[in-house]
Amino acid sequence: QVKVVESGGGLVQAGGSLRLSCAASGVFLSIYDLAWYRQALGKQRELVALAPRRGSTDYADSVKGRFTISSDNGKGMVYLQMNSLKPEDTAVYYCVLRIRVDEYWGQGTQVTVSS
C-alpha cells in the first residue's frame, strides 16, 4: 500500500522560507520520478518541481532559483525548499510519485504567503 503524506505548510510573510516534506511509505523511492505540484484557488494545477529518476531536476519558470526539490531515499522523504516566497506562491502543494503510468498523490499541504 503506497502512502504519500505532505507536511510543513503554513502561513509565512513574503520573503520568508518554508520547507515542505513528503513522507512516502510502501515504496522504494529511488525507482520513482518525484514531483511537487501546486494549485491555487481558482487556478489550474501546475507542476512546480520535478526530479526524474533519470535526468536533471526541472522547475517552473516562476520558481527557478527560489525552490529546490530533494529527496532522502533511505528515509523515504521528498522535500521542497522554498525561499524568497511571494504572495503568488500561495497554493495547496502536492507531492507526487510517478512510475510508468501509475501516480501516487498526497492530500496536499496549504502554503499561504502574506504580503
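Refer to the structure above for everything that follows.
Starting afresh in each chain, residues are numbered from 1 along the sequence in its written order. In keeping with the predicted nature of the model, local features appear solely for residues at pLDDT of at least 70, side-chain atom pairs appear and are counted solely at 80 or more, and the whole-chain, interface and lining totals rest on all residues. The side-chain quantities take in all heavy atoms of the structure and omit both hydrogens and water.

Details of the side chain of Glu-6
Only DSSP runs of H or I with at least four residues qualify as helices, and only runs of E with at least two residues qualify as strands; both kinds are numbered from the N terminus onward. Structurally, Glu-6 is set in strand 1 (residues 3–7). Only protein chains enter the calculation, and the probe is 1.4 Å; a residue is then buried if its accessible area is under 20% of its type maximum, exposed if over 50%, and partly exposed in between. When charges are counted, Lys and Arg are positive and Asp and Glu negative, with His and the chain ends excluded. Any Lys or Arg side-chain nitrogen located within 4 Å of an Asp or Glu carboxyl oxygen qualifies as a salt bridge. Buried within the structure, Glu-6 lacks any salt-bridge partner; Arg-45 is the closest side chain of opposite charge, at an N-O distance of 9.0 Å. From its side chain, Glu-6 meets the backbone nitrogen of Cys-95 in a polar contact 2.8 Å long. A polar side-chain atom of Glu-6 sits 3.0 Å from the main-chain amide nitrogen of Gln-107. Between N or O atoms, a polar contact is any pair within 3.5 Å; within protein, one atom must be a potential hydrogen donor and the other a potential acceptor, and residues adjacent in sequence are included only when both atoms are from side chains.

With respect to the packing of aromatic side chains
Given two aromatic rings, one states the distance between the centres and the angle between the planes to describe the pair. Only rings of Phe, Tyr and Trp enter the pairing, Trp through its six-membered ring, and a pair is recorded when the two centres are within 6.5 Å. The plane angle decides the type: under 30 degrees is stacked, over 60 is edge-to-face, the rest tilted. Applying the stated criterion across every chain, the model contains 3 aromatic pairs. Judged by centre distance (6.2 Å) and plane angle (70°), the rings of Tyr-32 and Tyr-104 are edge-to-face. Here Tyr-104 lies in strand 10 (residues 102–105) and Tyr-32 lies in the loop between strand 3 (18–25) and strand 4 (33–39), a separation of 72 residues in the sequence. Tyr-32 gets classed as buried once you look at its relative accessible area, which sits at 9%. Ring geometry for Tyr-94 and Trp-105: centres 5.8 Å apart, planes at 65°, overall edge-to-face. With a gap of 11 residues between them, Tyr-94 in strand 9 (residues 91–99) and Trp-105 in strand 10 connect regions that are remote in the sequence.

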